[in-house]
Protein chains: 2
Amino acid sequence: MKKSKTRFAVLGILSYGPMSGYDIKKFYEQNVAGFWSESYGQIYPILKRLATEGLATRSVHKQEGKPDRHIYALTAKGLEELQQWLVAPTGRHIGRHETLLKLMFGQQISLAQNIRQIERFRDRQKGELTEIEALKQRFQQEEVEDPNMPFWQLAFSYGEHVNRAYIKWAEEAIATLREMEPKAPVSTSPKVRYSIHC
Amino acid sequence: MKKSKTRFAVLGILSYGPMSGYDIKKFYEQNVAGFWSESYGQIYPILKRLATEGLATRSVHKQEGKPDRHIYALTAKGLEELQQWLVAPTGRHIGRHETLLKLMFGQQISLAQNIRQIERFRDRQKGELTEIEALKQRFQQEEVEDPNMPFWQLAFSYGEHVNRAYIKWAEEAIATLREMEPKAPVSTSPKVRYSIHC
DNA sequence: TAGAGCATGTAATAGGTTACATGATTAG
DNA sequence: CTAATCATGTAACCTATTACATGCTCTA
């Protein structure tokens, strides 16, 4: 059976301070959009479970004009479970990369169309790189004394390294494709190989 | 509603030639392990659907001593649908990156333990890089005249670029963490911040 | 003789997203 | 006046993995 990491994503974010489900969602959306996401359908039931299991405490904060906030705070037991996960070896997870998958079947469309796809990919990653730089700036200005800062910096650095690699690969790939002479036009019947050596 | 890409992963692989569900699974396992995977529970039902929808034809190949092979071949209609997907813009997909997520909560464990995790990540990616090089060699030797070759090369190049970036980031991150003086020991009660500016 | 490979397939289960319900307030 | 923000929560749905059933052959 496969273990969900959402539980730890929630537990972990609670280590930043007491929070509501709404806050957690917002945090992942606004700050970690690049490599993690969570939906309400997961967050709220998990928070409830964490409370019944004694890993977090729940308190209701009344507000006027706005709905009540249900604030969850990590307990010592919750921290312990979080720490156990943090030090445990991380299993490798195969992310599905749609652009690369499409490229595997690039034979079935024209060179120009393949280039178009890689350009789209490159442009998206360029945008992401810009966003990361902006976020980095914002964080360095606003949260100077936060003890988590060094780790956020590492995450930003990761985003920079990886996105630069994406962009460099894309540029090279586009150049390679451009150099290939556009031979036979795209077929309307499958181009098949009748022997695959597996 | 969210659209599954498995359908196209199957359709696409059939563009390489007529194949069985077993072959498809093997292909993804052995050649594309880095960025895509499929399970029988998905493949077989989809093949059945493709046949009823006229996107693929099915023929049974009897064997002695072994179970029959159900071979599926792409039809013109199937190729058309594949091509439509191949040229359509690719939506961005947020892969969940467990090592990075753990790093976000690195405050809750020791510096040494954080370094340990990044080292594990680095070593895994080093292994992956080695595998990619080996696969690249094997492909270049065995399948010289395959028309899909240039696209496979691009996929290999992608793997090299990205894994080198992973490794470089990891080395830098480890160096950064090593330079940080190991201050207060790890807490057994949550280190919290009571203000998060969102 | 135990296990791996061949080969197809399904059922149970887990994981996750989306849409909806509720309802007040505030900004454009 | 419309849309967004605040805020919690659930039900329906889709996607995907795992385990199992079947059964033969070949290898260690």
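Our structure's up above, just so we're on the same page.
As the structure is a prediction and not an experimental result, all values here were calculated from the model.

**Considerations on the protein's contact with DNA strand D**
Step number 1: Not every one of the 25 residues close to DNA strand D is listed here, only the nearest: Y22, Q63 and R96 of chain A together with K2 and S4 of chain B.
Step number 2: The share of sugar and phosphate among atoms of DNA strand D within 4 Å of the protein is 71%.
Step number 3: In this structure, a phosphate oxygen belonging to DNA strand D sits 3.2 Å away from a side-chain N or O atom of R58 of chain A.
Step number 4: Here a phosphate oxygen of DNA strand D sits 3.2 Å away from a polar atom, N or O, in the side chain of S39 of chain B.
Step number 5: The element contributing the most residues to the surface near DNA strand D is helix α3 (residues 40–52) of chain A, with three residues.
Step number 6: Of the residues that constitute the surface near DNA strand D, the class distribution is five nonpolar, twelve polar and eight charged.

**Here we look at a nonpolar patch on the surface**
Step number 1: On the surface, a nonpolar cluster with roughly 320 Å² of combined accessible area is contributed by Y22, Y40 and Y44 of chain A.
Step number 2: Its location among the elements puts Y22 of chain A in helix α2 (residues 21–31).

**With respect to the relation of the copies chain B and chain A**
Step number 1: Once chain B has been moved 0.0 Å along the axis and rotated by 180 degrees, it coincides with chain A to within an RMSD of 0.0 Å. Such a combination of rotation and displacement between the chain copies is what one expects of a two-fold axis.
Step number 2: Most of the interface of chain B is mirrored in chain A: 100% of its interface residues are interface residues there too.

**Examining the pattern of salt bridges**
Residues and elements named next belong to chain A.
Step number 1: In total, this model carries 33 salt bridges over all chains according to the counting rule given.
Step number 2: Put simply, R7 and E81 hold a salt bridge, and the shortest N to O gap is 2.9 Å. Separated by 74 residues along the polypeptide, R7 in helix α1 (residues 6–14) and E81 in helix α4 (residues 76–87) bring together distant segments of the chain.
Step number 3: Judged by its relative accessible area of 16%, R7 falls in the buried class.
Step number 4: Taking the relative accessible area as the measure of exposure, E81 reaches 24% and is therefore partly exposed.

Cut-offs used in this document
- Residues numbered from 1 in each chain as written.
- Chains lettered and ligands numbered in written order.
- Predicted model: local features only at pLDDT ≥ 70, side-chain atom pairs only at ≥ 80, totals over all residues.
- Heavy atoms only, no water.
- Near = heavy atom within 4 Å.
- Polar contact = N/O pair within 3.5 Å; in protein donor to acceptor, adjacent residues only side chain to side chain.
- Helix = DSSP H or I, 4+ residues; strand = E, 2+ residues; numbered from the N terminus.
- Nonpolar A, V, L, I, M, F, W, Y, C, P; charged D, E, K, R; others polar.
- Patch = residues over 30% accessible without salt bridge, like charges linked within 9 Å, V, L, I, M, F, W, Y side chains within 5 Å.
- Areas by Shrake-Rupley, 256 points an atom, 1.4 Å probe, with all protein chains shown as cover.
- Salt bridge = Lys/Arg side-chain N within 4 Å of Asp/Glu carboxyl O.
- Least-squares fit on C-alpha atoms with pLDDT ≥ 70 in both.
- Contact = heavy atoms within 4.5 Å.
- Buried < 20%, exposed > 50% of the residue type's maximum accessible area, 1.4 Å probe, protein only.

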